[in-house]
Amino acid sequence: SGYQKVLEENRKLYNQVQDLKGNIRVYCRVRPFLGGKLNRLSTVDHIEEGKITIITPSKYGKEGRKSFNFNKVFGPSASQEEVFADMQPLVRSVLDGYNVCIFAYGQTGSGKTYTMSGPEELTEESLGVNYRALSDLFYLSELRKDTFCYDVSVQMIEIYNEQVRDLLVMDGLNKRLGIHNSSQKGINVPDANIVPVSSTSDVINLMNLGQTNRAVSSTAMNDRSSRSHSCLTVHVQGRDLTSGTILRGCMHLVDLAGSERVNKSEVTGDRLKEAQHINRSLSALGDVVSSLAQKNAHVPYRNSKLTQLLQDSLGGQAKTLMFVHISPEHEAIGETISTLKFAERVSTVELGAARVNK
Ligand code: ADP
């Protein structure tokens, strides 16, 4: 059909763009000071399009400056809308059959959940990437409805201490929503519910359920949510109404556990075990992304639950966005530097630039 042609053209275009930019993108976002503290001194010296310069403390009392390059840097005044606008092509490519992973990385309190879901008191302006991505998918699939028929369904899981837990569980939910167990590609969690959705309000209800389920377990262990990875997976299946061809794409929206390092002398028992699991899984993710960025032959997917589960959506034609978050406070400078170093390790910005110059 005519639309099929357009789609193929789009695919070609995407592939060209991918060849230029690579499949891995790294963005950085600096959150504003909280509680209206506008005039405090930030560790961020300045921000340019794809570059952030921070003020580093020095042993000798003199401040230093260090710059890091990214595909994009968002300053403290960037709106949720602006942030999403830059991710929109990535989200839209899911409808064309691509697999996409979006990770929010950073220390606890740096704004990961704000970016992905929004603040606790949601307003239309403050809606996060999750909501915007899904409503955009619904909007686009409606536009294409004469040529394509799309089915959208979601999963929500949590990984805590390398154990996977389904967040979309509730007595009677299965019957009401017509849930079936997942056998689609993407995340394969045995018995994790995959729920068909047809509107943004369906999605909001499910996210609330997921949040509630997550919170229930956190009361036992104080603020567990910052110490587990949560992953919203959106499965999209599109049938070309003329040819009957089926396209499958999926998108994983991952709010990672806080990346802060804990002082081994200060924590013991469960907290130490948690910290070790988080460390190991975040560095396993870093290893996977950086070996994809360097186009290594061997990609070490098997070193963590998260990378194992996302294996089909990391590498190959799949697209990855690592979105790192930093806090502007001076107290956070140690974590800020380690976050920026992590980002530098997984980034292809330098490589990309070198290739263009050749
Ligand atoms: P994390 O998920 O990394 O632990 P949060 O997203 O919970 O961090 O952010 C910590 C606090 O900062 C929350 O109260 C959140 O609403 C606020 N916050 C984070 N980013 C922004 C932002 N860009 N604009 C306004 N408030 C923000």
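Anything mentioned here points back to the structure above.
Reading guide: rules and limits
Residues numbered from 1 in each chain as written. Predicted model: local features only at pLDDT ≥ 70, side-chain atom pairs only at ≥ 80, totals over all residues. Heavy atoms only, no water. Near = heavy atom within 4 Å. Polar contact = N/O pair within 3.5 Å; in protein donor to acceptor, adjacent residues only side chain to side chain. Areas by Shrake-Rupley, 256 points an atom, 1.4 Å probe, with all protein chains shown as cover. Helix = DSSP H or I, 4+ residues; strand = E, 2+ residues; numbered from the N terminus. Nonpolar A, V, L, I, M, F, W, Y, C, P; charged D, E, K, R; others polar. Core = buried A, V, L, I, M, F, W, Y, C linked by side-chain atoms within 4.5 Å. Buried < 20%, exposed > 50% of the residue type's maximum accessible area, 1.4 Å probe, protein only. Contact = heavy atoms within 4.5 Å. 1 Å grid on protein atoms, 1.4 Å probe; cavity = no way out; pocket = protein on both sides within 12 Å on 5 of 7 lines; lining within 4 Å. Points joined across faces, edges and corners; volume = space filled by probe spheres on them.

## Concerning the site of the ligand
The environment of the ligand is made up of 13 residues, and the closest members are Gly109, Gly111, Lys112, Thr113 and Tyr114. At a separation of 2.7 Å, an oxygen atom of the ligand approaches a polar backbone atom of Gly109. Interatomic distance of 2.8 Å between a side-chain N/O atom of Lys112 and an oxygen atom of the ligand. Surface burial for the ligand is 72%, taken as the share of its 560 Å² of free accessible area covered by protein chains. The leading source of residues in the shell around the ligand is helix α3 (residues 112-116), at three residues. For the shell around the ligand, a count of residues per class yields four nonpolar, six polar and three charged.

## Focus: the nonpolar core
Core analysis: the largest hydrophobic core is formed by 44 residues, its most contacted members being Leu134, Val234 and Met251. Here this core gets seven residues from one element, more than from any other, and that element is helix α4 (residues 129-143). Each residue touching Leu134, except ones within four places of it in the same chain, is listed here: Val152, Val154, Val203, Met207, Leu232 and Val234.

## Topic: the environment of Val169
Here Val169 is to be found in the loop between β8 (163-166) and α5 (173-177). Separated by 37 residues in sequence, Val169 and Leu206 have C-alpha atoms that sit 9.8 Å apart. If near-sequence neighbours (up to four positions away) are discounted, Val169 is found in contact with Asn193, Leu209 and Asn213.

## Some thoughts on empty space enclosed by the protein
Inspection of every chain in the model, using the stated rule, returns two cavities of 30 Å³ or more. What the largest cavity holds in volume is close to 60 Å³. As for the largest cavity, its lining consists of Ile159, Tyr160, Asn161, Glu162, Arg227, Ser228, His229, Ala257, Glu274, His277, Ile278 and Ser281. Broken down by secondary-structure element, the contributors of at least two residues to the lining of the largest cavity are β7 (148-160) and α7 (269-293). Looking at the lining of the largest cavity, the element that brings in the most residues is α7, giving four residues. Of the residues in the lining of the largest cavity, the class split is four nonpolar, five polar and three charged.

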